[in-house]
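# Observations on the model geometry
Single-letter residue listing:
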Amino acid sequence: MGALNHKFNENILITSLDKLLNWSRSGSEWYFQFGLACCAIEMMSAAAARHDLERFGAMPRSSPRQADVMIVAGTVTLKMATRVKRLYEQMAEPKYVISMGSCANSGGPYWQHGYHVLKGVDQIIPVDVYIPGCPPRPEALIEGLMHLQKKMREEPVLAKKED
Amino acid sequence: MTEQEIYANLSRKFGDKVIEFMEEGTHNPTVVVDAGAIAKIVTYLKDDEKLQFDSLMNLAGHDADVETEFSVIYHLVSTELKHYITLKVFTSRDEPKVASIANIHRTADWHERETFDLYGINFEGHPDLKRILMEDDWEGYPLRKDYVPAEFYRGMRIEKVK
């Protein structure tokens, strides 16, 4: 902030509103609490004491209205896909999607004979971060969340978006 | 009671409704019975003093080949007398129907719905025979050997097997 630096007393910081909003947004990635398969076990493990997602401000919410991030953790069957899409549409903007694990990324082991499996959740909802693995370890999920934080921090909120 | 003895007992009671006893090449000794008589036979097995088959462990459909008939397999156990029996019925591909045993063993309710869902076998007399796993508007019966996966479901693409 150039000329304004050190002009004020201690405990006063100067920043742009965009940066402040993005900083606070990226520090509270409240994710939607639902799991579809074994990836959900790793997600639960990531949220529990050992990996403790809450130190990044990420905590599970059981309502789509309160959630910022949808972690699609597991196999998306065609039957579930219709529900996942509806739940995504119920989330308030701004909203983000993490596709966790091979099944959500591309159908995974159901790629060839999965008559009932959607081959990638990105066919129905936009995905921000893909996490490979079958299932990914909690560390991988944490890295995915941190990638999403990075994406959030670089996003223009008030400034006009460039076309 | 051994499976052989149970087979002899059923043969005496039901005559030609009890078709065959299979021991070779099967995991469990199996009694093949008539599809229409299965409800009567299971009731008898449950109520008879010497048999007391009070629990249905499993009920499953099976499609061996596009040429052959469907079959339904019943695994019964007597928790009192500690003996087991496996029953098997065959039903035609064109009009698959088997008598329901959902009113005799409650376990059979969902198992028969699952078998109906995936093989299209009609269980006559079932209280609520509808799909249990697939969506209600799903077309076809996925575990049939001649099932061809659809290209789309509600606008979502199902990749073709290459």
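Now for a quick tour of the structure. Everything numeric here is computed off the predicted structure, so don't read it as measured data.

### Description of the packing of aromatic side chains
Aromatic ring pairs are reported here in terms of the distance separating the ring centres and the angle at which the planes meet. Considering all chains together, one arrives at eight aromatic pairs over all chains under this definition. A cation sits over an aromatic face here: A:K95 above A:Y88, 4.4 Å from the ring centre.

### Let's talk about the side chain of A:Q149
Relative to the assigned elements, A:Q149 resides in helix α5 (residues 138-153). Ignoring anything within four residues of it in the chain, the contact list for A:Q149 reads A:S26, A:E29 and A:F56.

### Here's the deal with the sheet that holds strand β3 (residues 69-73) of chain A
Residue and element names in this part refer to chain A. Pairing within the open sheet is parallel, and its five strands lie in the order β2-β1-β3-β4-β5. Edge positions in the sheet fall to β2 (60-61) and β5 (129-131), since each has one partner strand and no second. The sheet contacts of helix α2 (residues 39-47) involve β1 (31-32), β3 and β4 (96-100), and relative to β3 the element is tilted by about 130 degrees.

### As for the sheet that holds strand β3 (residues 55-63) of chain B
Residues and elements named next belong to chain B. The strand order across the open sheet built from five strands is β1-β2-β5-β4-β3, with neighbouring strands paired in mixed fashion. In the strand order of this sheet, the two ends are held by β1 (18-22) and β3, each with one partner. Each adjacent strand pair in this sheet contributes to an overall mean axis angle of 20 degrees, direction not counted. Here eight bridges tie β3 to strand β4 (residues 70-78), and the two strands are oriented antiparallel to one another. Across the sheet, S55 pairs through a bridge with V77, a residue of β4. Relative to the sheet, helix α1 (residues 3-14) contacts β1, β2 (30-33) and β5 (83-91), its axis offset from that of β1 by approximately 170 degrees.

### Quick word on the nonpolar core
One finds A:M70, B:L10, B:I38, B:L45, B:Y74, B:L87 and B:I101 to be the most contacted residues of the largest nonpolar core, which totals 61 residues. Among the elements that line this core, the one with the most residues is helix α2 (residues 38-47) of chain B, at six residues. Not counting chain neighbours up to four residues away, the residues in contact with B:L10 comprise B:G15, B:V18, B:V31, B:I41, B:Y44, B:L45 and B:L87.

### Here we look at the pairing of β4(B)
Residue and element names in this part refer to chain B. In terms of burial, β4 is largely enclosed, as eight of its nine residues are buried. Linking two consecutive strands that pair antiparallel, namely β3 and β4, is a turn of six residues. Here β4 pairs with β5 via nine bridges, running antiparallel. Bridge pairing in β5 links F70 to T91. Taken together, β4 and the strand that follows it, β5, pair antiparallel across an intervening segment of four residues, in which K82 is found at a positive phi of about 55 degrees.

### Focus: the interface of chain A and chain B
How big an interface is tends to be reported as the loss of accessible area on association of its parts. At the interface, 15 residues of chain A touch 18 residues of chain B. Carbon and sulfur atoms make up 65% of the surface buried where chain A meets chain B, a total of about 1,300 Å² over both sides. Linking chain A to chain B there are one salt bridge. A salt bridge links B:E135 to A:R83; the nearest nitrogen and oxygen atoms lie 2.7 Å apart. At the boundary of chain A and chain B, one finds two residue pairs in polar contact (both at pLDDT 80 or more). Partitioned by chemical class, the residues of the side of chain A that touches chain B number six nonpolar, six polar and three charged.

### A closer look at the layout of surface pockets
The calculated volume of the largest pocket comes to roughly 190 Å³. Taken together, A:T77, A:L78, A:K79, A:Y115, A:H116, B:L118, B:L133, B:M134, B:E135, B:W138 and B:Y153 form the lining of the largest pocket. Here the lining of the largest pocket is built from residues that sort into seven nonpolar, two polar and two charged.

### With respect to helix α1 (residues 17-26) of chain A
Residue and element names in this part refer to chain A. All buried positions along α1 are accounted for by D18, N22 and S26. Along the axis of α1, the buried residues cluster in a sector spanning 50 degrees; they form a single face. In this structure, the buried residues of α1 make contact with α5.

Rules used in this analysis
As a convention, each chain's residues are numbered from 1 in the sequence order in which they are written. Chain letters start at A and ligand numbers start at 1, both assigned in the order the entries are written. Totals for whole chains, interfaces and linings use all residues, but because this is a predicted model, local features are given only for residues with pLDDT of at least 70 and pairs of side-chain atoms are given and counted only at 80 or more. With hydrogens and water stripped out, all remaining heavy atoms of the structure feed into the side-chain values. Any Phe, Tyr or Trp ring, taking Trp's six-membered ring, that has another such ring centre within 6.5 Å forms a pair; planes under 30 degrees apart are called stacked, those over 60 apart edge-to-face, and the others tilted. By the criterion adopted, a ring carries a charge over it if an Arg CZ or a Lys NZ lies within 6 Å of its centre and within 35 degrees of its normal. Numbered from the N terminus, helices here are DSSP runs of H or I no shorter than four residues, and strands are runs of E no shorter than two. Contacts are residue-level and defined by heavy atoms, with any inter-residue pair within 4.5 Å sufficient. Paired strands, as defined in this entry, are two strands with at least two bridges between them according to DSSP. Fitting a line to C-alpha atoms yields each axis, with helices limited to the stretch in contact; the angle taken between N-to-C directions then spans 0 to 180 degrees. We define a nonpolar core as any set of buried Ala, Val, Leu, Ile, Met, Phe, Trp, Tyr and Cys residues linked to one another through side-chain atoms lying within 4.5 Å. The classification of residues rests on relative accessible area computed with a 1.4 Å probe and restricted to protein chains. Under 20% of the type maximum is buried, over 50% is exposed, and intermediate values are partly exposed. Two parts lose some accessible area (1.4 Å probe) when they are put together, and adding that loss for both gives the buried area. By definition, a salt bridge exists where a carboxyl oxygen of Asp or Glu is found within 4 Å of a side-chain nitrogen of Lys or Arg. Between N or O atoms, a polar contact is any pair within 3.5 Å; within protein, one atom must be a potential hydrogen donor and the other a potential acceptor, and residues adjacent in sequence are included only when both atoms are from side chains. For this classification, Asp, Glu, Lys and Arg are treated as charged, while Ala, Val, Leu, Ile, Met, Phe, Trp, Tyr, Cys and Pro are nonpolar and the rest, including Gly, are polar. Note on definitions: the grid is 1 Å and covers protein atoms alone; a cavity is a set of points where a 1.4 Å probe fits but cannot get out; a pocket is an open set with protein on both sides within 12 Å along at least five of seven lines; lining residues have an atom within 4 Å of a point. Grid points are joined across faces, edges and corners, and a volume is the space filled by probe spheres set on the points. Note that the arc is computed from the directions linking the helix axis to the C-beta atoms.

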